[in-house]
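Chain by chain, the residues:
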Amino acid sequence: MAQCKNDSPISPLMSSTIPIRVLFFASAREAAGGIASTSIEVEAEGANTKALRTTLAALYPRLASLVLDEENVTLALNEEYVPVGEVWTLNAGDTVALIPPISGG
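These numbers come from a predicted model, not from an experiment. Numbering of residues begins from 1 in every chain and follows the order in which that chain's sequence is written. Only residues with pLDDT of at least 70 get local features here, since the model is predicted, and only at 80 or more are side-chain atom pairs given and counted; chain-wide, interface and lining totals rely on the full set of residues. Excluding hydrogens and water, the side-chain figures rest on all heavy atoms present in the structure.

Draft legend 1. Layout of the overall build of the protein. Comment: elements are numbered from the N terminus, with helices defined as DSSP H or I runs of at least four residues and strands as E runs of at least two. A tally of helices and strands in the protein yields three helices and seven strands. Reading the protein from its N terminus to its C terminus gives the helix and strand order β-β-β-α-β-α-α-β-β-β. For each residue, the accessible area found with a 1.4 Å probe, counting protein chains only, is set against the maximum for its type, and the residue is called buried under 20%, exposed over 50%, and partly exposed in between. Across the 105 residues in the protein, those meeting the buried criterion constitute 33%. Between two residues, a contact is recorded if the distance between any of their heavy atoms is within 4.5 Å. Put simply, of all contacts in the protein between residues at least 6 apart along the chain, 48% involve residues at least 24 apart. In short, Shrake-Rupley with a 1.4 Å probe defines the accessible areas, and a residue's cover is counted only from the protein chains shown. In the structure as shown, the protein presents an accessible area of about 6,600 Å², 53% of it carried by carbon and sulfur atoms.

Right under this line is the structure:
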């Protein structure tokens, strides 16, 4: 159960947001200003991978063109790739990695 600042227990249903940890790799890290990871609060109602992409685009405008295009950035939710075209539900404490395409030879 979540805790208020005064350490009194609160019901998770009372909270309107949930914490999500976001990991940035390669060009996504560069577009997010060089940060490797952050924790953000997302609206609990309708919390899913599509909504997270929109939230991240708003928080990091330079990341928008990457994160809004599923072909440019793959999401991994709790170390499991989210297939293109699928929308997965997010839960409090989830970790989402932004993984751009890897190229090289």
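Draft legend 2. View of the packing of aromatic side chains. In this scheme Phe, Tyr and Trp rings, the latter by its six-membered ring, pair at centre separations within 6.5 Å, and the angle between planes marks the pair as stacked below 30 degrees, edge-to-face above 60, and tilted otherwise. Throughout the structure, instances matching the rule amount to one aromatic pair. Pairing Phe-24 with Tyr-60 gives two aromatic rings, centres 5.5 Å apart and planes at 70 degrees, and the pair type is edge-to-face. Linking Phe-24 in strand S3 (residues 17-24) with Tyr-60 in the loop between helix H2 (49-59) and helix H3 (64-67), this pair joins segments that are 36 residues apart in sequence. Its relative accessible area of 0% is what places Phe-24 among the buried residues. You can call Tyr-60 buried: its relative accessible area is 17%.

Draft legend 3. Structural view of unusual backbone geometry. A positive phi angle is found at Ala-26, which is not glycine, with a value near 50 degrees. Take Ala-26: it is sitting in helix H1 (residues 26-31). At Glu-79, a residue that is not glycine, the phi angle is positive and equals roughly 70 degrees. Structurally, Glu-79 can be placed in the loop between strand S5 (74-77) and strand S6 (80-81).

Draft legend 4. Local environment of the confidence of the model for the protein. With 84% of its residues at a pLDDT of 70 or more, the protein shows a mean pLDDT of 88. Confidence drops under pLDDT 50 across residues 1-10; counting only partners more than four residues distant or on other chains, this segment forms 11 contacts. Confidence scores here are pLDDT values: one per residue, from the predictor, ranging 0 to 100.

Draft legend 5. The arrangement of the layout of surface pockets in detail. For each structure, a 1 Å grid was placed over the protein atoms alone; sets of points admitting a 1.4 Å probe that cannot get out are labelled cavities, open sets with protein on both sides within 12 Å along at least five of seven lines are labelled pockets, and lining residues have an atom within 4 Å of a point. Grid points are joined across faces, edges and corners, and a volume is the space filled by probe spheres set on the points. In this structure, the largest pocket occupies an estimated 160 Å³ of space. Lining the largest pocket are 14 residues, with Arg-53, Glu-70, Pro-83, Gly-85 and Glu-86 positioned closest to its centre. Residue contributions to the lining of the largest pocket peak at three residues, all from H2. Side-chain classes are defined by residue name, with Ala, Val, Leu, Ile, Met, Phe, Trp, Tyr, Cys and Pro counting as nonpolar, Asp, Glu, Lys and Arg as charged, and the others, Gly among them, as polar. When its residues are assigned to classes, the lining of the largest pocket shows seven nonpolar, three polar and four charged.

Draft legend 6. The nonpolar core, seen in detail. Ile-20, Phe-24, Leu-56, Leu-63, Leu-90, Val-96 and Leu-98 are the most contacted members of the largest nonpolar core, which has 26 residues in total. At the level of secondary structure, the elements contributing two or more residues to this core comprise S3, H1, strand S4 (37-43), H2, H3, S5 and strand S7 (95-99). No other element matches the four residues that S3 contributes to this core. Excluding anything up to four places from it in sequence, Leu-56 contacts Val-22, Phe-24, Ile-40, Leu-63, Val-67 and Leu-98. Each nonpolar core is a collection of buried residues, namely Ala, Val, Leu, Ile, Met, Phe, Trp, Tyr and Cys, held together in the definition by side-chain atoms within 4.5 Å.

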